[in-house]
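# Observations on the model geometry
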Amino acid sequence: MELALYADFAVRLVNSEEPERGTDALTSVEAVRGLFGASTRAASLADESDLPRLRAVRTRLRGVFEAAAEGDEVRGIDLLNSLMIEYPVSPLVSGHDDLDEHGRPRWHMHLADNAPTATANYTAVACMGLAIHLTELGADRLGICQAAPCRNAYLDTSTNRSRRYCSDRCATRANVAAYRARKRQEALSAAATAQG
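Here's what I pulled together on the structure shown here. These numbers were taken from a predicted model, which means no experiment stands behind them. (Residues numbered from 1 in each chain as written. Predicted model: local features only at pLDDT ≥ 70, side-chain atom pairs only at ≥ 80, totals over all residues. Heavy atoms only, no water.)

### Structural notes on the overall build of the chain
The line we're drawing: Segments assigned H or I by DSSP are reported as helices when at least four residues long, segments assigned E as strands when at least two residues long, and all are numbered from the N terminus. Note on exposure labels: buried denotes an accessible area under 20% of the residue type's maximum, exposed denotes more than 50%, and partly exposed covers the range between, all computed with a 1.4 Å probe on protein chains only.
Scanning the chain from N- to C-terminus turns up seven helices and six strands. Taken from N to C terminus, the helices and strands of the chain fall in the order α-β-β-α-α-α-α-β-β-α-β-β-α. Taken along its principal axes, the extent of the C-alpha atoms in the chain is 85 × 40 × 35 Å. Evaluated residue by residue, the chain yields a buried proportion of 38% over its 196 residues.

What follows is the structure in structure tokens.
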């Protein structure tokens with residue numbers, strides 16, 4: 001199991017809301033289950049009580065990304081640590097029905113399968129993944145999209161720490177807007193020169 005991949009759980013949860021656009025995809029138990037991806041025991045635990053709890057966690061996780069994006073690593077780490085204290089990981093070794101070529105279980109770690117609620121499971125896994133991402137790559141690898149009005153979170157996995165947008169779509173939109181702004185400025189400068 002690649003524990004760092006669980007950092008994507010944090011991104012998925014944070015990006016389930018677009019505050020600048022007034023959208024929130026976390027509106028049903030099915031939406032909660034959808035956050036987990038493939039059907040899991042934790043997803044089956046989801047009920048109506050998880051909606052407000054996960055929304056509260058989402059706000060706190062957004063704070064981690066925003067603090068990191070603003071260069072305030074200590075605040076970001078403090079926010080993440082408070083979530084990890086509240087939603088601890090309780091790992092279990094599991095083999096499921098996945099057997100190797102000799103008929104033995106392929107043992108692997110599950111981070112929070114014994115959590116009592118879907119929120120507890122999801123949050124523990126998301127925070128642990130984010131903690132691993134932070135400690136291995138640095139807090140400057142967490143970001144908030146710079147393409148207005150998008151405020152989606154992202155994990156920068158680029159080799160040169162250059163990512164500034166959550167997606168290629170936002171990068172293209174920002175580049176096109178910058179190009180058009182330059183062209184407008186050039187046209188205004190040319191018109192001023194012609195008049196003057």
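Picking up where we left off.
### What to know about the packing of aromatic side chains
The cut-off we apply is this: For Phe, Tyr and Trp, rings pair up if their centres lie within 6.5 Å, where Trp contributes its six-membered ring, and each pair is then called stacked (planes under 30 degrees apart), edge-to-face (over 60) or tilted (otherwise).
Under the counting rule described, the total for this entry stands at three aromatic pairs. For the ring pair Phe-36 and Tyr-122, a centre distance of 5.1 Å and an interplane angle of 85 degrees mean the geometry is edge-to-face. Here Tyr-122 lies in helix α6 (residues 118-137) and Phe-36 lies in the loop between α2 (29-35) and α3 (41-44), a separation of 86 residues in the sequence. Per residue, the accessibility class of Phe-36 equals that of Tyr-122, and both read buried.

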